[in-house]
Amino acid sequence: MTEIRKTALVLAGGGLTGAVYEIGALRAINDLLIDRTVNDFDIFVGTSAGALVGAFLANGITPEEMMQSIAGSHPDLLPIQRRHIFNLKRSELLRTGMELPVKVGRAWWRYFREREATLFDVAWALLDVLPAGFYDGMALEDYVRSMLERRGLCNCFSGMPKDLYVVATELDSGERAVFGRQTPEVPISVAVAASSAVPVVYKPVRIQGREYVDGGLRGNASLDIAIEAGASLIVCVNPMVPFDNSDHHSIPGKRYGEHYLSESGLNYIANQVTRILTHASIRYHVKQLRRAHPEVDIILIEPNPEDHAMFFYNPMRYSARLEIARYGFESATLGLAEDYPYYKATLARHGIPMSRRLVIQELQALQEAEDNEARYRVLSRILGARSAEGGSPVRQLQRTLAQLELLLEG
């Protein structure tokens with residue numbers, strides 16, 4: 001009996017910018033593959049922002065369509081809007097505002113009453129003033145549900161042609177929660193909202209009497225789920241890497257001398273610390289899995305740590321979505337082209353042919369663009385080049401040449 005070799009795509013979290021980076025990177029991977037796309041993976045595992053992208057991919061929505069949707073140029077898929085991500089919990093804020101004077105007074109009374117109390121104790125007590133979440137994560141649920149309905153797709157794990165796993169964290173127990181075919185009662189859209197519920201930013205999502213928050217708290221990429229589902233090849237896209245500021249790069253607001261991240265404020269420190277923790281977790285996870293499962297090939301695709309394009313954008317920066325998608329495409333293209341022999345040999349072991357002819361041509365076109373406006377036009381043309389029918393005659397000729405290149409190499 002022949003063993004079935006499955007392939008898996010694991011998408012890590014990283015906020016809104018992480019999601020669009022993944023879309024751009026996946027578009028670059030598409031151009032490496034011959035006669036297949038990233039939608040042809042057997043297993044999809046998504047965490048936080050990766051859950052949103054993974055849910056669409058598993059349902060057959062392509063990276064090109066997602067990018068067009070973000071740009072507002074897709075005829076069928078609506079673009080994700082601010083209200084889907086930043087929908088204020090007005091009732092929660094009103095309740096918090098009414099309780100504010102009492103809580104602030106209680107914190108200062110405790111400070112003056114207790115001799116050994118410090119200002120840090122007051123600041124800690126004042127955290128109780130904040131609501132459970134500033135934004136309503138169920139607005140994202142509404143967006144995912146409506147997008148699936150517009151395409152006539154089932155908002156249910158059991159009705160999907162592919163295996164989809166969405167990872168969240170159960171707040172009360174701290175345990176990892178995995179939604180998939182084994183939880184048919186949970187809609188995909190609700191699972192995505194739960195997986196994306198970043199603490200403090202979003203209120204926990206309640207499902208059947210239990211509360212769930214961001215799945216990245218228990219590991220930003222759960223590759224072990226893909227292995228347990230039978231994957232022998234895993235491609236993991238992780239947008240969260242720490243910025244390498246060893247050479248004290250230029251930092252916004254700093255013009256002269258050496259530039260340290262701490263000089264730019266607490267938000268830069270918090271951003272870097274978050275990236276360090278999540279990246280270290282993924283690296284350790286991959287190391288352990290490679291040791292325990294040497295028969296499984298794992299490909300990890302990440303931004304260049306020396307490139308500040310990802311770091312200096314707020315992970316929830318809505319206005320930067322097109323710029324980050326372009327960066328994801330270019331960054332992944334460069335990385336895949338530089339280590340092309342490794343990726344080609346790895347994919348060949350699983351019967352997946354690839355060629356870099358297309359990505360080299362597209363990267364050159366982007367680099368030759370004179371300004372950002374021209375780069376956006378080139379990017380739009382690239383993103384719209386491949387369609388479900390196989391693309392334009394020029395595109396088909398390019399892929400035929402890539403196939404011929406493979407035959408000549410063999």
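Just above sits the structure.
Residues numbered from 1 in each chain as written. Predicted model: local features only at pLDDT ≥ 70, side-chain atom pairs only at ≥ 80, totals over all residues. Heavy atoms only, no water.

1. A short note on the layout of surface pockets
- The computed volume of the second largest pocket comes to approximately 570 Å³.
- For the second largest pocket, the lining is made up of 27 residues, of which L300, E302, P303, N304 and G335 are closest to its centre.
- Contributions of two or more residues to the lining of the second largest pocket are made by α10 (266-292), β10 (297-301), α12 (321-338) and α13 (340-348).
- Taken together, the residues of the lining of the second largest pocket sort by class into 15 nonpolar, 4 polar and 8 charged. (1 Å grid on protein atoms, 1.4 Å probe; cavity = no way out; pocket = protein on both sides within 12 Å on 5 of 7 lines; lining within 4 Å. Points joined across faces, edges and corners; volume = space filled by probe spheres on them. Helix = DSSP H or I, 4+ residues; strand = E, 2+ residues; numbered from the N terminus. Nonpolar A, V, L, I, M, F, W, Y, C, P; charged D, E, K, R; others polar.)

2. What about α12?
- With 18 residues, α12 extends 26 Å from end C-alpha to end C-alpha; this agrees with the ideal 26 Å at 1.5 Å per step.
- Counting buried positions along α12 yields 13 of 18 residues, so the element is predominantly enclosed. (Expected span 1.5 Å × (residues − 1). Buried < 20%, exposed > 50% of the residue type's maximum accessible area, 1.4 Å probe, protein only.)

3. Remarks on the packing of α12 against α13
- As a packed pair, α12 and α13 sit with axes 5 Å apart at the nearest point and diverge in direction by 80°. As far as their axial angle goes, α13 and α12 are roughly perpendicular. Contact residues: G335, L336, A337 and E338 in α12; Y340, P341 and Y343 in α13. (Axes fitted to C-alpha atoms, helices over the stretch in contact; angles between N-to-C directions. Parallel < 35°, antiparallel > 145°, perpendicular 65-115°, else oblique. Contact = heavy atoms within 4.5 Å.)

4. Re the nonpolar core
- L9, L26, I29, F56, L57, L164 and F179 are the most contacted members of the largest nonpolar core, which totals 73 residues.
- When residues of this core are assigned to their parent elements, the largest contribution, 10 residues, is made by helix α1 (residues 15-32).
- Residues A8, A221, I225 and C236 belong to the second largest nonpolar core, which totals 22 residues. (Core = buried A, V, L, I, M, F, W, Y, C linked by side-chain atoms within 4.5 Å.)

5. Description of a nonpolar patch on the surface
- Taken together, the side chains of L266, I269, V273 and L277 define a hydrophobic patch exposed on the protein surface, amounting to about 400 Å² of accessible area.
- With respect to the secondary-structure elements, V273 resides in helix α10.
- The class of V273 is partly exposed, set by a relative accessible area of 41%. (Patch = residues over 30% accessible without salt bridge, like charges linked within 9 Å, V, L, I, M, F, W, Y side chains within 5 Å. Areas by Shrake-Rupley, 256 points an atom, 1.4 Å probe, with all protein chains shown as cover. Salt bridge = Lys/Arg side-chain N within 4 Å of Asp/Glu carboxyl O.)

6. Structural notes on the state of the cysteines
- Going through the model one piece at a time under the given rule, you end up with 1 disulfide.
- Covalent S-S linkage joins C154 and C156, the inter-sulfur distance amounting to 1.8 Å. The sign of the S-S torsion, about 100°, decides the handedness of the disulfide formed by C154 and C156: right-handed.
- Looking at C156, the relative accessible area reads 18%, which means it is buried. (Disulfide = S-S within 2.5 Å.)

7. Looking at the pattern of salt bridges
- What the rule picks out here adds up to 13 salt bridges.
- The salt bridge involving D31 is made with R27; its shortest N-O contact spans 2.8 Å. Of the two residues, D31 and R27 both sit in helix α1, 4 residues apart, roughly one turn of that helix. The exposure classification of D31 matches that of R27, with both residues buried.
- R283 is the salt-bridge partner of E302, the closest N and O atoms lying 2.8 Å from each other. Here E302 is found in the loop between β10 and α11 (308-311), whereas its partner R283 is found in helix α10, with 19 residues between them in sequence.
- Residue classification places E302 among the buried positions, given a relative accessible area of 17%.
- A single network of salt bridges, built from pairs that share partners, joins R27, D31 and E64.

Fair warning: the whole summary comes from geometry, so function is off the table for now.
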